[in-house]
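Read off the chains here:
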Amino acid sequence: MSVMQDAEGVIKYSLKHTQKSLDASLFYKEDQYHPYFQELLEARFLLYKLGLIGQKQDLYGGLAYGNLSSRAPIVPKSPAERAFLISATQTGNIEKPRKEHFVLVTKWNVTQNMLYSEGERKPSSEALTHAILYETNPNIQAIIHIHSSILWNHYRDLGMLATPKEAEYGTVKMANEMVKIAEKQDRGIVAMLGHQDGILAFSSEMKDALFLILEVFATSEILFNHG
Ligand SMILES: [Zn+2]
C-alpha cells in the first residue's frame, strides 16, 4: 500500500494498486478505440494544447498538473460498475498519452480514504475527488480537473461555482463541499478556492465537461487576456 501525495505534499488517500496491463476491452471496441476512450483522449489532447493540463517549470514546483476521468464500461457490471478510468499520476506533461497512461480505479472507500486501482501506473493524486463525485451522483460520467490562474482568479465573473478557501484540497471539508454541489446537479464547473488554480468540471458526458471548460476559457480570453 502506498500513500499518494500532491504537489503541495498533502496526503490524499491510501492506495492499493495492482500492477498489471489492463484488458484491451477497456480501450478497444471492434478494433477501434472505444468511443468513451476516444472522447477522453480527444478532450485530453485539446486541454493539453491550451495549457490547462501540462507541466511548466515555474509552476507547482515543476510538477505536472491536471487530470481527467470517465466511467469505464466493465463486464460484469456489478459491483465494478462504479469503476472509472483516470489519467495516471504525473502524466500531465505527455502530449499524446496512450492507454498505458491511464489507470482503472475499481473501488474506493471515502470515509477510510482508501482507493483501489489497476494498471501499469498509479492513478492521479486527485483520484479520490473524482471517486467522491462519481459516488455522489450516478449521472456523472466524466470529470476534468485543470489548472488555470486566470479562470481561478476570475471565477465569479465567469459564472463558476466555488468551494470555499478554507476547504483545502484533499480534506474531508473539501469532499463535503463537492458533494453538496454534485448531489444537486449533473453538470457543473467549480473553482476550488482551497486548491491554487484548481478548476473541476463534471457532466454526464465527456464532451459536455470539455464544453464547460472551453466556454469559460474562451470568455476569459476575450475579457481578461489582452496581451
Ligand atoms: Zn490540481
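Look a little higher up for the structure.
Residues numbered from 1 in each chain as written. Predicted model: local features only at pLDDT ≥ 70, side-chain atom pairs only at ≥ 80, totals over all residues.

**Here we look at the overall build of the protein chain**
Scanning the protein chain from N- to C-terminus turns up 5 helices and 12 strands. Relative to the globule expectation of 17 Å for 227 residues, the C-alpha radius of gyration of the protein chain, 16 Å, shows essentially globular dimensions. (Helix = DSSP H or I, 4+ residues; strand = E, 2+ residues; numbered from the N terminus. Rg over C-alpha atoms; globule rule 2.2 N^0.38 Å.)

**Things to note about the packing of helix H1 (residues 35-49) against helix H5 (residues 206-224)**
The interhelical angle for the contact between H1 and H5, taken along N-to-C directions, is 15°, at an axis separation of 9 Å. By the angle between their directions, the pair H1 and H5 is classed as roughly parallel. Classified by chirality, the crossing of H5 by H1 is left-handed. Between H1 and H5, the contacting residues are Glu39, Leu40, Ala43 and Leu46 on the first element and Met206, Lys207 and Leu210 on the second. Of the residues that constitute the contact of H1 with H5, the class distribution is 5 nonpolar, no polar and 2 charged. (Axes fitted to C-alpha atoms, helices over the stretch in contact; angles between N-to-C directions. Parallel < 35°, antiparallel > 145°, perpendicular 65-115°, else oblique. Left-handed = near helix turned anticlockwise from the far one by under 90°. Contact = placed C-beta atoms within 7 Å. Nonpolar A, V, L, I, M, F, W, Y, C, P; charged D, E, K, R; others polar.)

**Quick notes on H5**
When the terminal C-alpha atoms of H5 are compared, their 27 Å separation across 19 residues agrees well with the 27 Å that a helix rising 1.5 Å per residue should span. Here H5 has its buried residues at Met206, Ala209, Leu210, Leu212, Ile213, Val216 and Phe217. One face of H5 carries all of its buried residues, which in axial projection span an arc of 155°. In H5, the exposed residues that point more than 90 degrees away from the buried face are Lys207, Ala218, Ile222 and Leu223. (Expected span 1.5 Å × (residues − 1). Buried ≥ 20, exposed ≤ 12 C-beta atoms within 10 Å, placed from the backbone. Arc of directions from axis to C-beta.)

**Digging into the environment of Asn153**
When you line up the elements, Asn153 lands in helix H3 (residues 149-153). With 14 residues separating them along the chain, Asn153 and Asn139 place their C-alpha atoms 29 Å apart.

**With respect to the pairing of strand E6 (residues 84-87)**
Neither face of E6 is exposed, since Phe84 and Ile86 on one face and Leu85 and Ser87 on the opposite face are all buried. In terms of strand pairing, strand E5 (residues 67-71) meets E6 through 3 bridges, oriented antiparallel. Residue pairing across strands places Ser70 opposite Leu85, the latter belonging to E6. Summarising the sheet, E6 and strand E7 (residues 102-109) pair through 4 bridges and their orientation is antiparallel. (Pairing = 2+ DSSP bridges.)

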